[in-house]
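Chain by chain, the residues run as shown.
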Amino acid sequence: ALWCLMMSMTPTGGCLLDLPWEDILVPHILCHLPLQQLLSLQRVSKSFQSLIQLYLANMRCFDSSQIGPAIPRAAFVNLLKDNEVLQQLALQSCSNWLTDQELLPVIGQNHHLHHIQLKGCAQLSRHALVAISLSCPNLRQLSLAHCEWVDSLSLRSLADHCKALEAVDLTACRQLKDEAICYLVQKCGRLKSLSLAVNANVGNVAVEETAKCCPELEHLDLTGCLRVKNDSIRVLAEYCPKLRSLKVKHCHNVAESSLSILRSRGVELDVEPPMQRALVLLQDVVGFAPFMNLQI
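What you see is a predicted model, and the numbers here were worked out from it, not measured in a lab. In this convention, every chain numbers its residues from 1, walking through the sequence in written order. Residue-level local features of this predicted model are given only where pLDDT is at least 70; pairs of side-chain atoms are given and counted only at 80 or more, and the full residue set underlies all totals for whole chains, interfaces and linings. For side-chain calculations, the full set of non-hydrogen atoms in the structure is used, while hydrogens and water are omitted.

### Digging into the overall build of the protein
Reasoning step 1: Counting its regular elements, the protein contains 13 helices and 9 strands.
Reasoning step 2: A separation of at least 24 residues holds for 70% of the contacts in the protein among residues at least 6 apart in sequence.
Reasoning step 3: The protein chains shown are the only cover counted for residues, whose accessible areas, like all others here, come from Shrake-Rupley with a 1.4 Å probe. Of the roughly 14800 Å² that the protein leaves accessible, carbon and sulfur atoms contribute 53%. Counting from the N terminus, the helices are DSSP H or I runs at least four residues long and the strands are E runs at least two residues long. Working rule for contacts: check all heavy atoms of both residues, and any pair within 4.5 Å makes them a contact.

### Structural notes on the side chain of T210
Reasoning step 1: Along the polypeptide, T210 turns up in helix α10 (residues 204-213).
Reasoning step 2: Excluding residues within four positions of it along the chain, T210 makes contact with I181, V185, L194 and L217.

### Re the side chain of H114
Reasoning step 1: As for its placement among the helices and strands, H114 is situated in the loop between α6 (100-108) and β3 (115-117).
Reasoning step 2: On the basis of relative accessibility, which here comes to 12%, the residue H114 falls in the buried class.
Reasoning step 3: Reaching out from H114, the side chain makes a polar contact with the side chain of H115 at a distance of 2.4 Å.
Reasoning step 4: Beyond its immediate sequence surroundings of up to four residues, H114 is in contact with Q87, Q88, N138, L139, R140 and Q141. For the exposure calls, accessible area comes from a 1.4 Å probe over protein chains only, and a residue counts as buried if that area is under 20% of its type's maximum, exposed if over 50%, partly exposed in between. Whenever two N or O atoms come within 3.5 Å, that pair is a polar contact, provided that in protein one can donate a hydrogen and the other can accept it, and provided that, for residues adjacent in sequence, both atoms are side-chain atoms.

### Description of the confidence of the model for the protein
Reasoning step 1: For every residue, the pLDDT score states the predictor's confidence, bounded by 0 at the bottom and 100 at the top. Within the protein, residue pLDDT values average 86, and 82% of them lie at 70 or more.
Reasoning step 2: A low-confidence stretch, residues 7-13 (pLDDT under 50), is modelled with 9 contacts involving residues beyond four sequence positions or located in other chains.

### A closer look at unusual backbone geometry
What is expected of a backbone is that most residues other than glycine have negative phi and most peptide bonds are trans.
Reasoning step 1: With phi around 65°, H146 is a residue other than glycine that occupies positive phi space.
Reasoning step 2: Along the polypeptide, H146 turns up in the loop between β4 (141-143) and α8 (152-161).

### Some remarks on helix α7 (residues 126-135)
Reasoning step 1: Every buried residue belonging to α7 is among A128, L129, A131, I132, S133 and S135, and all of these are buried.
Reasoning step 2: The inward-facing, buried residues of α7 contact α6, β3, β4 and α8.

### Structural notes on the packing of aromatic side chains
Pairs of aromatic rings are described using the distance from one ring centre to the other and the angle between the two planes.
Reasoning step 1: Paired rings are identified among Phe, Tyr and Trp, the last through its six-membered ring, by centres lying within 6.5 Å, and are further divided according to the angle between planes into stacked (under 30 degrees), edge-to-face (over 60) and tilted (the rest). Tallied over the entire structure, the rule returns 2 aromatic pairs.
Reasoning step 2: In textbook terms, an aromatic cluster arises when at least three aromatic residues are bridged by ring pairs, as seen for F62, F76 and W97.

### Some points on the sheet that holds β3
Reasoning step 1: Strands pair, by our definition, only if DSSP identifies at least two bridges between them. On the basis of which strands lie adjacent, the open sheet formed by 9 strands has the order β1-β2-β3-β4-β5-β6-β7-β8-β9 and parallel pairing. Pairing within the sheet leaves two strands with one partner each, and these edge strands are β1 (61-63) and β9 (268-269).
Reasoning step 2: Examined bridge by bridge, strand β8 (residues 245-247) and β9 share 2 bridges and lie parallel to one another. Among the inter-strand pairings, L246 is bridged to a residue of β9, identified as L269.

### Details of the packing of helix α11 (residues 230-239) against helix α12 (residues 256-264)
Reasoning step 1: Lines fitted to the C-alpha atoms define the axes, with helices restricted to the stretch that makes contact. Angles between their N-to-C directions range from 0 to 180 degrees. Contact geometry of α11 with α12 gives a least axis separation of 8 Å together with a crossing angle of 15°. Compared by their axis directions, α11 and α12 come out roughly parallel. Crossing of α11 against α12: the hand is left-handed. In this structure, α11 uses N230, I233, R234 and A237 to contact α12, whose residues at the interface are S257, S258, L259, I261 and L262. Should an angle lie under 35 degrees it is considered roughly parallel, over 145 roughly antiparallel, and from 65 to 115 roughly perpendicular; all remaining angles are considered oblique. What makes a crossing left-handed is the near helix being turned counterclockwise from the far one by less than a right angle; a clockwise turn instead makes it right-handed.

### Points about the nonpolar core
Reasoning step 1: With 84 residues, the main nonpolar core has F62, L222 and L246 as its most contacted residues.
Reasoning step 2: Top contributing element to this core by residue count: helix α9 (residues 178-187), with 5 residues.
Reasoning step 3: Just so you know, the domain bounds were taken from an automatic or database domain assignment. Looking at which domains feed residues into this core, each of domain 1 (21-58) and domain 2 (63-272) gives three or more.
Reasoning step 4: Ignoring any residue separated from it by four or fewer positions in sequence, one finds F62 in contact with L35, I67, I71, F76, L79, L80, L86, Q88, L89, A90 and L91. For this analysis, a nonpolar core means a set of buried residues of the types Ala, Val, Leu, Ile, Met, Phe, Trp, Tyr and Cys, connected via side-chain atoms within 4.5 Å.

What follows is the structure, given as structure tokens:
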């Protein structure tokens, strides 16, 4: 069906391939079609192959998951070899094989990137983060979730060069300690979203420094940060008036005495109030929840 569309006649008697490629086809037609289908078009003819190569060279957003659950290494290298205008790059479906060798050339030739998603890309090294920090000064969103190769030195490089950062996901970056997080938030005061989840090395010092340095903070994920305690949550409530959501599930040292301050402000929390939790447990045990007036 797509091939028929591209070969159909225009009102002037030609096919769509006769329209200006850079002015019409690439920015106004191909951009609305799934990437996987566009790649299939390359097999139709040499003209289609040239057209799709032009599209790939001018593509602003690349999400590997649009191609499939596991894009081949050679295909990835070929797709992005001529592109120097990428703004968004998402590579989570490349996590099984992506190394510095494939990523660094893409980063090095794309200085306009402002969104990068590397969740689960465990075979990269700290050199990848240093390359990102040096090549992408306008970076605003970065996901490094489950990238245990991220260390304090590479994070310092990111903080020194990417001060426009607004969202950083450091979930399960277990090498990072309070000192590294403090350096990041001191340099990147525009942060609106930060995840430090699943990191037993993160404690009160990092949370309190984040609160004091990032007044625009809206979302904070501390899931499983066992060293975080009530005092830091109170500081968070004091210094972050724009906070909209806080995740503290499995933070066993955080109690309702500190969370109630945020709860009263309408902040979305991932743990229920003690009374609500008790009712849920009771319902699970006996199969019903007795009538109770929770406003009493």
